[in-house]
Amino acid sequence: MQPTDSKNTTVPDAIPSTTPKSGNTQISIPPNKKKSKPSSKTRRRLKDAEPLPFTIDGLSHDGRGVAVYGNGFGTEDGHIEDKHGKKVFVSFALPGESVEVKLTNSRASFEEGDATQVTANPNPERAVPPCPHFGICGGCSLQHWQPDGQINFKQSVLAEMLIHQANVEPDTWLEPVIGDRLGYRTKARLGVRYVAKKETALVGFRERSSNFLAELNECHILDPRIGFEIENLKALISTLESRDQIAQLELAMGEYLPKLPDGDQPIALIVRHLSPLSDSDVDKLKGFFATRNWQLYLQSKGADSIKRIALSPSDDLSEQFGRLYYQLPEYDLTYEFIPTDFTQVNLSVNRQMTKLACDLLDLKTGERVLDLFSGLGNFSLPLARLVGESGAVVGVEGSEEMTRRAADNARRNGITNTEFFSQDLTQDCTDKPWANEGFDALLIDPPRSGAWEIMQYLPKFDAQRIVYVSCNPATLARDTKALLEQGYRLTHAGVMDMFCHTGHVESIARFEKITI
């Protein structure tokens, strides 16, 4: 069975918009996650409560519908007068819809619930979820919404945050970057639990707002090479003697490149076990993995305990990990990585994202570029191709291991105009020799927390052009304000569909130094 995109349903197609406009739809800040966990007393009280009618007036940043008590409903509908004006955050609801809501949490300042039925005015962007487990599994939250609608909304969220935090709009809004929207996720950690009463193992993500594992048979977000093997993985684990001691499967997938070492084994799974496995269990795992040409790893404790298990005489056990690969054909690049490395989860979007970042920097032969949070060289190597042998790229990364990986990838691809350094980027590093050689352009791809510390010393690099890739629009907007105050202007901004069907937003922005 292969995943099918929801755009093929009978729901009318979304109308794409390159300029983010929320219209009359209000975007609200969702409640803090800690406050979103109802107490056991609240759960008991709401468990048997009847659903209440609401009209959805807007959306929260994470894509939930927002309703208000008393908006078109009175006490006879369950909207008691004391609650009028109180916000309700509603999962699975879209703007303009009239819905029945089963409340799941109640706090003094807000309530939360799930839309159980659309009673009137279904939003034209409503879609039939492609996954049968949607609504129970916490792996994604927006499958009820057409993908074009999701990404346009995410662009509106970015626009609202830039206005709110930095009081700015870009000169140009970029077209959203769109890639694979189902079967795209190549990195994940799947929980495992054996349920003795059902005589079966559970494998997958946790239920929404719960520590319990969802009972999955398939996953339409995971790469189908794993997403449609979940039933087989459950059956395998259920036959093991240590079936109740398997805690987690960590998976990583690359591209099938059989001419390279391990390139015919593009899928790796790390099996986390709480007690030693018997020889019989190891043999069962080896047989299952060998028939699929997957790499098998066992992990008994911390990361240092991860051990590759040979499935054939050709498997190289001289190092802790085997090899995985992905490519950027636009730049004739092949990257090698190991299963525990950070890589972008959506390879189709990553190809477009790297090209877009390079295009936005508008590099010329001979220029010098600084790549902060350079990882294994995802951006550094295409940048090096563009500036040529007379130019240079300096990549800086906090992890020494990833710094070595980037240098190795440069060498394997025949790139000689790069240097990579390991550095704590939360500390001012402008006194380092590599930082004082001058840069024409700068690329930064920080973690979710953003790059606030770097913003304090970034002007010392004196780069004329900056591209900022972000997985959190809130910290991008915060850092944008700092860049504006330091003499840059925001020329371009947009979003990328890296995490379709979830509330996560990947975005990109370009800044240019204002010449006086």
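Residues numbered from 1 in each chain as written. Predicted model: local features only at pLDDT ≥ 70, side-chain atom pairs only at ≥ 80, totals over all residues. Heavy atoms only, no water.

Asks: Explain the nonpolar core to me, and be specific about the residues and the numbers.
Replies: Ranked by size, the top nonpolar core spans 86 residues in total, and within it Leu249, Leu269, Leu383 and Ile508 carry the most contacts. Of the residues forming this core, the biggest block, eight residues, is contributed by helix 6 (residues 347-361). Apart from the residues lying within four places of it in its own chain, the contact partners of Ile508 are Leu174, Leu356, Ala357, Leu360, Val467, Tyr468, Val469, His492, Ala493, Gly494 and Met496. Judged by nonpolar contacts, the second largest core, of 46 residues, contains Ile27, Phe153, Ala166 and Trp434. (Core = buried A, V, L, I, M, F, W, Y, C linked by side-chain atoms within 4.5 Å. Buried < 20%, exposed > 50% of the residue type's maximum accessible area, 1.4 Å probe, protein only. Helix = DSSP H or I, 4+ residues; strand = E, 2+ residues; numbered from the N terminus. Contact = heavy atoms within 4.5 Å.)

Asks: So, the pattern of salt bridges: which residues are in play, and what are the values?
Replies: Enumeration over the complete set of coordinates arrives at 30 salt bridges. Between Asp341 and Arg405 there is a salt bridge whose closest N-O contact spans 2.6 Å. Note that Asp341 is positioned in the loop between strand 16 (333-337) and helix 6 and Arg405 in helix 8 (residues 400-412), a separation of 64 residues in sequence. Each member of the pair, Asp341 as well as Arg405, is classed as buried. Notably, a salt bridge pairs Glu512 with Arg489, separated by 3.2 Å at the nearest N-O pair. Linking Glu512 in strand 23 (residues 506-513) with Arg489 in strand 22 (residues 488-496), this pair joins segments that are 23 residues apart in sequence. (Salt bridge = Lys/Arg side-chain N within 4 Å of Asp/Glu carboxyl O.)

Asks: Could you give an account of the packing of aromatic side chains, naming the residues involved and the relevant values?
Replies: Under the criterion given, the structure shown has 13 aromatic pairs. Where Tyr297 meets Phe321, the ring centres are 5.6 Å apart and the plane angle is 40°; that geometry is what we call tilted. Taken together, the residues span a long stretch of sequence, with Tyr297 in strand 13 (residues 295-299) and Phe321 in the loop between strand 14 (307-309) and strand 15 (324-328) at a distance of 24 residues. Here Tyr297 and Phe321 have matching classes, each one buried. Relative to Trp434, the ring of Phe421 has its centre 5.9 Å away and its plane inclined at 20°; by these criteria the two rings are stacked. Highlighted residues: Phe421 in strand 19 (residues 418-422) and Trp434 in the loop between strand 19 and strand 20 (441-444), separated in sequence by 13 residues. Through a chain of ring-to-ring contacts, the aromatic side chains of Phe288, Phe289 and Trp294 assemble into a single cluster. Note that Arg243 overlies the ring of Tyr194, its terminal NZ or CZ placed 5.3 Å from the centroid. Seen from the ring of Phe288, Arg292 lies directly overhead, with NZ or CZ sitting 3.7 Å from the centre. (Phe/Tyr/Trp six-rings, centres within 6.5 Å; stacked < 30°, edge-to-face > 60°. Lys NZ or Arg CZ within 6 Å of the ring centre and 35° of its normal.)

Asks: Report on the sheet that holds strand 12 (residues 267-273), specifying residues and quantitative values.
Replies: The strand order across the open sheet formed by six strands is 10-9-11-12-13-14, and the pairing between neighbours is mixed. The strands lining the two open edges of the sheet, one partner per strand, are strand 10 (200-204) and strand 14. In this sheet, neighbouring strand axes are inclined to one another by 25° on average, regardless of whether the strands run parallel or antiparallel. As defined by bridge partners, strand 12 adjoins strand 13 across five bridges and the pair is classed as parallel. Looking at strand 13, one finds that Ile270 is bridged to Tyr297. Of the strands in this sheet, strand 9 (187-195), strand 10, strand 11 (246-253) and strand 12 touch helix 4 (residues 230-238), which is tilted by about 135° from strand 10. Helix 5 (residues 279-292) contacts strand 12, strand 13 and strand 14 of the sheet and is inclined by roughly 150° relative to strand 13. (Pairing = 2+ DSSP bridges. Axes fitted to C-alpha atoms, helices over the stretch in contact; angles between N-to-C directions.)

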